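Survey of secondary and tertiary structure
Spelled out, the chains give:
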Amino acid sequence: MNSAHLNENEYAPFYSDYIKALGEADLRTVLKSSLKDLTTTIENLPEKKLTYRYAEGKWTIKELIQHITDAERVLSYRALRFSRNDATDVPGFDEDWYVDNSNGNERSIDDLLEEFKLVRKATLSLFNSFTLEMLGKTGSANGSDITVRALGFIIAGHQIHHLKIIKEKYI
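Scope of this entry: the structure provided in the associated data block. For clarity, every value in this text was computed on a predicted model and none was experimentally measured.

Here is what the cut-offs are and how they apply
- Residues numbered from 1 in each chain as written.
- Predicted model: local features only at pLDDT ≥ 70, side-chain atom pairs only at ≥ 80, totals over all residues.
- Heavy atoms only, no water.
- Helix = DSSP H or I, 4+ residues; strand = E, 2+ residues; numbered from the N terminus.
- Rg over C-alpha atoms; globule rule 2.2 N^0.38 Å.
- Buried < 20%, exposed > 50% of the residue type's maximum accessible area, 1.4 Å probe, protein only.
- Contact = heavy atoms within 4.5 Å.
- Phe/Tyr/Trp six-rings, centres within 6.5 Å; stacked < 30°, edge-to-face > 60°.
- Patch = residues over 30% accessible without salt bridge, like charges linked within 9 Å, V, L, I, M, F, W, Y side chains within 5 Å.
- Areas by Shrake-Rupley, 256 points an atom, 1.4 Å probe, with all protein chains shown as cover.
- Salt bridge = Lys/Arg side-chain N within 4 Å of Asp/Glu carboxyl O.
- Lys, Arg positive; Asp, Glu negative; His and termini not counted.
- Charge placed at Lys NZ, Arg CZ, Asp CG, Glu CD.
- Pairing = 2+ DSSP bridges.
- Expected span 1.5 Å × (residues − 1).
- Arc of directions from axis to C-beta.
- Polar contact = N/O pair within 3.5 Å; in protein donor to acceptor, adjacent residues only side chain to side chain.

Observations concerning the overall build of the protein
Tallying secondary structure elements over the protein gives eight helices and two strands in all. In sequence order, the protein lays out its α and β elements as α-α-α-α-α-α-α-β-β-α. Since a compact globule built from 171 residues should have a radius of gyration of about 16 Å, the 16 Å found for the protein is in line with a globular shape. The principal-axis extent of the C-alpha atoms belonging to the protein is close to 45 × 30 × 25 Å.

Pasting the structure below:
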């Protein structure tokens, strides 16, 4: 399953940068490789870097890791529902509210990364369980139609997007 084969009508325009950043990536390969890229970049950073904010109101690296994990859970849940023919419009979520209520900065980086690894492992297992028919199913999230397979690529692209920001603005 290759991101280059996604049609723009499979996801809301909001997600296009995440998808385009993947090039012609295979979903399962990019989910595995991006996991390694994130963990190896973050795991040995000093605490001072992990709690640094490059501007007022911006998240710390710890908060970003928590956000990536939370978003992956939400997007995977959507994929599960849509793959099972659930036609209910799933509401959006306020990412700032989630981060503000996450206690990400109080947790150790080892704990945050372990949680992320476990969530990614569950995401991989979920997407490996989908048939081609399931991957092509469409649901509605926050008023926009989206396919199950697009959600998988969005999960990967979202994480890669934030890792790029970490590398450019934090370390």
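What about the side chain of K62?
With respect to the helices and strands, K62 occurs in helix 4 (residues 61–83). Overall, K62 belongs to the buried group, its relative accessible area being 3%.

What to know about the environment of I160
Summarising the element assignment, I160 is placed in helix 8 (residues 148–170). You can call I160 partly exposed: its relative accessible area is 26%. C-alpha of I160 to C-alpha of L31: the two residues are 129 residues apart in sequence and 9.7 Å apart in space. Those residues within four positions of I160 in sequence are excluded, and the remaining contacts are L22, V30 and S34.

Examining the packing of aromatic side chains
This structure, assessed with the given rule, holds eight aromatic pairs. Look at F14 and Y18: their rings are 6.4 Å apart centre to centre, the planes differ by 85°, and that puts the pair in the edge-to-face class. You can call F14 exposed: its relative accessible area is 60%. Ring centres of Y54 and Y170 lie 5.2 Å apart, and the angle between their planes is 85°; on these two criteria the pair is classed as edge-to-face. In this pair, Y54 is assigned in the loop between helix 3 (47–50) and helix 4 and Y170 in helix 8, connecting sequence segments 116 residues apart. Grouped by ring-pair contacts, the aromatic residues F14, Y15 and Y18 constitute a single cluster.

Digging into a negative patch on the surface
Negative charge collects at one region of the surface, where D94, E95, D96 and D100 lie side by side. For E95, a relative accessible area of 36% puts it in the partly exposed group.

Focus: the environment of L80
When you line up the elements, L80 lands in helix 4. What makes L80 partly exposed here is its relative accessible area of 31%. Excluding residues within four positions of it along the chain, L80 makes contact with L126 and F130.

A short note on the pairing of strand 2 (residues 144–147)
When strand 1 (residues 138–141) meets strand 2, the two strands line up antiparallel, connected through four bridges. What sits directly across from A141, in strand 2, is S144. Between the end of strand 1 and the start of strand 2, which pair antiparallel, lie two residues, with N142 showing a positive phi angle near 55°.

Some words on helix 2 (residues 27–42)
The α-helix advances 3.6 residues per turn, and as a result positions three or four apart in sequence lie on the same side. The first and last C-alpha atoms of helix 2 sit 23 Å apart over 16 residues, in line with the 22 Å expected at 1.5 Å per residue. Looking only at helix 2, the buried set comprises L27, V30, L31, S34, L35, L38, T39, T41 and I42. Across the axial projection of helix 2, the buried residues extend over an arc of 165°, all falling on one side. Exposed residues pointing more than 90 degrees away from the buried face of helix 2 are listed as K32 and K36. For helix 2, the secondary structure elements touched by its buried residues are helix 3, helix 4, helix 6 (109–129) and helix 8. Two to three positions downstream of the cap, the backbone nitrogen of R28 sits 3.4 Å from a side-chain oxygen, assigning the N-cap of helix 2 to D26.

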